[in-house]
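# Observations on chain architecture
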Amino acid sequence: MQPLTMALQLLLLHSAFLRLSSRGPLVQGRGFRSPTVAWPSFFDFSWPQEVQETIQIPNNGSAPLLVDVQVFVSNVFNVDILRYTVSSTLLLRLSWLDTRLAWNTSVHPRHAVTLPWDSLWTPGLTVQEALWVDWQDQSPRARVDPDGHVDLYLALTTETNCDFELLHFPRDQSDCNLSFYALSNTVLELEFRAHAVNEIVSVKREYVVRDLKTQVPPQQLVPCFQVTLRLQNTALKAIIALLVPGEALLLADMCGGLLPLRATERIAYKVTLLLGYLVFHSSLVQALPSSSSCNPLLIYYFTVLLLLLFTSTMETVLLAALLARGNHRAQSSPGPAPRGEDPGPHPEEAPGVNGPRRSWPEAADRIFFLAYVVGVACSQFSFIGFWMWATCKSEPAPGEVIPHGGQPRL
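Residues numbered from 1 in each chain as written. Predicted model: local features only at pLDDT ≥ 70, side-chain atom pairs only at ≥ 80, totals over all residues. Heavy atoms only, no water.

## A short note on the overall build of the protein chain
For the protein chain, the count of helices and strands is 6 helices and 12 strands. In the protein chain, which comprises 410 residues, the proportion classed as buried is 37%. Here the protein chain displays about 24,600 Å² of accessible surface, and carbon together with sulfur accounts for 61% of that area. (Helix = DSSP H or I, 4+ residues; strand = E, 2+ residues; numbered from the N terminus. Buried < 20%, exposed > 50% of the residue type's maximum accessible area, 1.4 Å probe, protein only. Areas by Shrake-Rupley, 256 points an atom, 1.4 Å probe, with all protein chains shown as cover.)

As C-alpha cells, this is what we get:
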C-alpha cells in the first residue's frame, strides 16, 4: 500500500505542475533563479480554488475597499478644437490592501512578489469620455508586499472628448475631464482616493496644461474618479494668421477712401479688397470651430468686418455712379449763352478762396469717409469691450436636462 500511496502523490504533484506551466507563472519573486521557483504559502495543490477566491474583490468588512490612485500625466500631444478632442498619455498607480495575499516572512523570506493581473482582483477601469484607449501593457503585473499591499501600474494613451469653451478663442481656456469608472463594482464595495502629478516637461505646444487636479464625484452609483486638465491656448498662431490679415484689410480699405471719387482706380481698388476678403473669410470659417452655443467672438468680429468692407464698396460705387451721371448731364445739355455776352465760368469751376466747389456726391463721400472712420474705431473698441467682459453660458447637454436624463445618483 505504501508504494501505491507514494505513486499517487507523485502523480498529483506532476499534474499540478503541468497545470501551472500551462497557465504561465503566477508569481515571480525578485532575485529568483530558474528553474527553482518559490511559491508563497497561499498557493498549494488546491490552487484553482484559491486563485478563484483571490479574483473576487477583497472584503473590507462594512466599509468599501479603499483604492489609492496616483495619476501621472506625461504628455498632451494633440488638441483638436475642430473635433473637440484631446489626446494624452497617462500612467496610473493603483494601490490597495488584500490580506488574502499576505504571507509569513519567517517561512517565506521574500520582500515582494509580482503576480499577473489576471491571477488576482484588480479594478476594471473604463474612461467615460474616451473615443479610444490604448493600454500599452496588455499583461501588466502587480507587486505584492508581505502584508498584502498591492501596487499595479497601468500606462495608457487615449483620445477623449472635451467641451472646449471657445468664446474667447484664440485666448481660450478650457477644462477637459477624464472620468474613470469601475463598472463591475458598486460604491458599497469600492472607493477611490485619487491624486494627480503633472510630469509634462515639454511646453512647445499651441495648448499648454496650466493646471491638473483630481476629484471623486459625489453621489455616484458606480465608483469613479475624475482627472481635470486645464488647457490654455497660447494664441500666437491664430493672432498672426487671423487677426493681422483682417486688420490689414480694414486699414487698407480706410486708406482707399482718401482717393478722389472721380478717380476710376478707386472702384477697382475697393472691389479687389472686397473680393480678397471674401476669399479670406471663406477659409476663416473652415478654420474656426463651431458650436451649438457660445461660438467664438471672432466669427462675429470678422462678419462685422465683412459688412464694413461691403458698405464701403457699395458707397463708392453708388456715389461714383451719381457723380458720373451728373457730369454726363452737364456736358450733354449746356445752357445757351446770350448773344454778345461772354459766358462766365461753370459754377462748379468758379474760382474761390478754397478752390473749385465740390459737387454734392463728393461732399457726401467726404462725410461718409469721416463717419466710416469713426464707425471703424467704435467697432474696434466695442469688440475689445466684448472680449474683456462678455460671458456665455452653454446650454445643458441632453443627458443633464431633467427629466429627460441625467447621471444616476443615490
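## Some words on a nonpolar patch on the surface
On the surface, Ile267, Val271, Leu275, Leu278, Phe310, Met314 and Val317 cluster together into a nonpolar patch covering about 530 Å² of accessible area. Elements with a minimum of two residues in the nonpolar patch: α4 (265–287) and α5 (297–332). Here the element with the most residues in the nonpolar patch is α4; it accounts for 4 residues. Mapped onto the elements, Val317 comes out in helix α5. (Patch = residues over 30% accessible without salt bridge, like charges linked within 9 Å, V, L, I, M, F, W, Y side chains within 5 Å. Salt bridge = Lys/Arg side-chain N within 4 Å of Asp/Glu carboxyl O.)

## A short note on the pattern of salt bridges
Tallied over the full model, the rule gives 11 salt bridges. In this structure, the salt-bridge partner of Asp175 is Arg230, at a minimum N-O distance of 2.8 Å. A residue pair is termed long-range when its members are at least 10 positions apart, and Asp175 in strand β9 (residues 173–181) and Arg230 in strand β12 (residues 224–233) qualify at 55 residues. By relative accessible area, which is 34% here, Asp175 ends up partly exposed. In this structure, the salt-bridge partner of Arg266 is Glu315, at a minimum N-O distance of 3.8 Å. Taken together, the residues span a long stretch of sequence, with Arg266 in helix α4 and Glu315 in helix α5 at a distance of 49 residues. Like Arg266, the residue Glu315 is buried in the burial classification. Each member of the salt-bridge network shares a partner with another, and the members are Asp80, Arg83 and Glu159.

## Points about unusual backbone geometry
Here the bond from Phe169 into Pro170 is cis, since omega is 15°, no more than 30 degrees from zero. On the secondary structure map, Pro170 appears in the loop between β8 (149–161) and β9. Even without being glycine, Tyr84 reaches a positive phi, approximately 55°. Topologically, Tyr84 is positioned in the loop between β2 (65–80) and β3 (85–97). Tyr84 sits in the buried class, given a relative accessible area of 17%.

## Section: the packing of aromatic side chains
Two descriptors summarise a pair of aromatic rings, namely the distance from one centre to the other and the angle between the planes of the rings. Per the stated rule, a full pass over the model turns up 11 aromatic pairs. Judged by centre distance (5.8 Å) and plane angle (45°), the rings of Tyr277 and Phe280 are tilted. A residue pair is termed a helical-turn pair when its members lie 3 or 4 positions apart in one helix, as Tyr277 and Phe280 do in helix α4 at 3 residues. A relative accessible area of 15% means that Phe280 is categorised as buried. The rings of Tyr277, Phe280, Tyr301, Phe302, Phe383 and Trp387 are connected pair by pair, giving a single aromatic cluster. The ring of Tyr372 carries Lys270 above its face, with NZ or CZ at 6.0 Å from the centroid. (Phe/Tyr/Trp six-rings, centres within 6.5 Å; stacked < 30°, edge-to-face > 60°. Lys NZ or Arg CZ within 6 Å of the ring centre and 35° of its normal.)

## Things to note about the packing of α5 against helix α6 (residues 360–389)
Across the interface, α5 lies against α6 with an axial gap of 11 Å and an inter-helix angle of 180°. One element, α5, and the other, α6, form an angle in the roughly antiparallel class. Of the residues assigned to the contact of α5 with α6, the class counts are 18 nonpolar, 4 polar and 3 charged. (Axes fitted to C-alpha atoms, helices over the stretch in contact; angles between N-to-C directions. Parallel < 35°, antiparallel > 145°, perpendicular 65-115°, else oblique. Nonpolar A, V, L, I, M, F, W, Y, C, P; charged D, E, K, R; others polar.)

## Quick notes on the state of the cysteines
Considering all chains together, one arrives at 2 disulfides under this definition. Between Cys162 and Cys176 runs a disulfide, and the two sulfur atoms are separated by 2.0 Å. Looking along the S-S bond of the Cys162-Cys176 disulfide, the torsion reads about -75°, which is the left-handed sense. Separated by 14 residues along the polypeptide, Cys162 in the loop between β8 and β9 and Cys176 in strand β9 bring together distant segments of the chain. (Disulfide = S-S within 2.5 Å.)

## Observations regarding the packing of helix α3 (residues 236–256) against α5
Following both chains from N to C, one finds α3 and α5 inclined at 20°, their axes separated by 11 Å at the closest point. Looking at the two axes, α3 sits roughly parallel to α5. When the axes of α3 and α5 are compared, the crossing they make is left-handed. Contacts between α3 and α5 pair Leu242, Leu243, Gly246, Glu247, Leu249, Leu250 and Asp253 from the former with Leu298, Tyr301, Phe302, Leu305, Leu308, Leu309 and Ser312 from the latter. Of the residues in the contact of α3 with α5, the class split is 10 nonpolar, 2 polar and 2 charged. (Left-handed = near helix turned anticlockwise from the far one by under 90°. Contact = heavy atoms within 4.5 Å.)

## Here's the deal with the sheet that holds strand β5 (residues 126–127)
Ordered in space as β5-β9-β12-β11, the 4 strands form an open sheet in which the pairing is antiparallel. What marks the edges here is a single partner per strand, and that holds for β5 and β11 (207–215). (Pairing = 2+ DSSP bridges.)

## Concerning the confidence of the model for the protein chain
Any segment with low pLDDT has predicted coordinates that should not be analysed in fine detail. Of the residues in the protein chain, 78% have a pLDDT of 70 or more, and the chain-wide mean is 81. This model gives residues 1–48 a pLDDT under 50, and the stretch forms 55 contacts once residues within four places in sequence are excluded. Confidence over residues 344–355 falls short of pLDDT 50; this stretch has 9 contacts with residues more than four positions distant or in other chains. (pLDDT = per-residue confidence, 0-100.)

## Structural notes on the environment of Ala102
The topology assignment puts Ala102 in the loop between β3 and β4 (113–116). Between the C-alpha atoms of Ala102 and His149, which are 47 residues apart in sequence, the distance is 7.9 Å.

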